[in-house]
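# Observations on the three-dimensional arrangement
Spelled out, the chains give:
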Number of protein chains: 2
Amino acid sequence: MEERVARRVEMIKALAHPSRLMMVDELARGERCVQELQTLVGGDMSTVSKHLSVLKKSGLVSVERRGVQMFYSLRCACAVDFFECVESMIDEDCRNGC
Amino acid sequence: MEERVARRVEMIKALAHPSRLMMVDELARGERCVQELQTLVGGDMSTVSKHLSVLKKSGLVSVERRGVQMFYSLRCACAVDFFECVESMIDEDCRNGC
DNA sequence: TCATTATTTGGCAATATCGCCAAATAATGA
DNA sequence: TCATTATTTGGCGATATTGCCAAATAATGA
């Protein structure tokens, strides 16, 4: 059960950064290459790449090489629900039934 | 929209630690005082207290003093759905419809 | 008021995360 | 093969997180 907690934490940690959160949000709309994601979040390309490797390691995204480019995509549509869920928690009054 | 992302990240970060995750999971079953939570996660009382202040600051929990004790409780049942959601994401095959 | 119990706060060292730079790797086309 | 483009990796300083200790605060009952 420690393992279960650790696994959860790893996944949650992967989402606990502005750039990574935005990238996952973007990936929910379809696959993207690293350049596109860099345009989205800004900063150095290497930084973006490292963020992506964190997402990859957590199991949230998968990669596929096509030519010189690497295309990242969400492995699970759950992420969309995840954000809605977080949004519900943010809504302090909990109006939307949570 | 930057603000929206920042708010989400703060909430997610609050859950991105084993002790805090376990405490929230426990609080989903009802309010608990600090001692009880310390028994659950172990470690120094002051450490537990600081973790709780992180949860408090994020808006996930609320506190009420009764006598000498401080009782923490979840502000929103959403947290339960949240965990289910994370669990779904962990399930790589996404069988359960996510 | 004083001692006791429950909790928080301040401080500090250990560790982890982050972001940039430079260099390495990988595929492509000339 | 060489140059080019896309991406990753290694390294390093800056910053943030974590956990423990000691001290402070708060409520209670003697």
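Please refer to the structure placed before this passage.
Below you will find a few notes about this structure. (Residues numbered from 1 in each chain as written. Chains lettered and ligands numbered in written order. Predicted model: local features only at pLDDT ≥ 70, side-chain atom pairs only at ≥ 80, totals over all residues.)

Our focus in this paragraph is the relation of the copies chain B and chain A. Superposing chain B onto chain A takes a rotation of 180° combined with a translation of 0.0 Å along the rotation axis, leaving an RMSD of 0.0 Å. With respect to symmetry, the two chain copies, as superposed, fit the operation of a two-fold axis. (Least-squares fit on C-alpha atoms with pLDDT ≥ 70 in both.)

What follows is about the pairing of strand 3 (residues 69-74) of chain A. Residues and elements named next belong to chain A. Here two bridges tie strand 1 (residues 32-33) to strand 3, and the two strands are oriented antiparallel to one another. In the sheet register, C33 faces strand 3, and the bridge partner there is F71. Summarising the sheet, strand 2 (residues 61-66) and strand 3 pair through six bridges and their orientation is antiparallel. Across the sheet, residue E64 finds its bridge partner in strand 3, namely F71. (Pairing = 2+ DSSP bridges. Helix = DSSP H or I, 4+ residues; strand = E, 2+ residues; numbered from the N terminus.)

With respect to spatial proximity, 21 residues lie near DNA strand D, and among them A:C33, A:S46, A:S49, B:G43 and B:S46 are the closest. Only helix 3 (34-41), helix 4 (45-58) and strand 3 of chain A together with helix 4 (45-58) of chain B provide two or more residues apiece to the surface near DNA strand D. Here the surface near DNA strand D gets six residues from one element, more than from any other, and that element is helix 4 of chain A. (Near = placed C-beta within 6 Å.)

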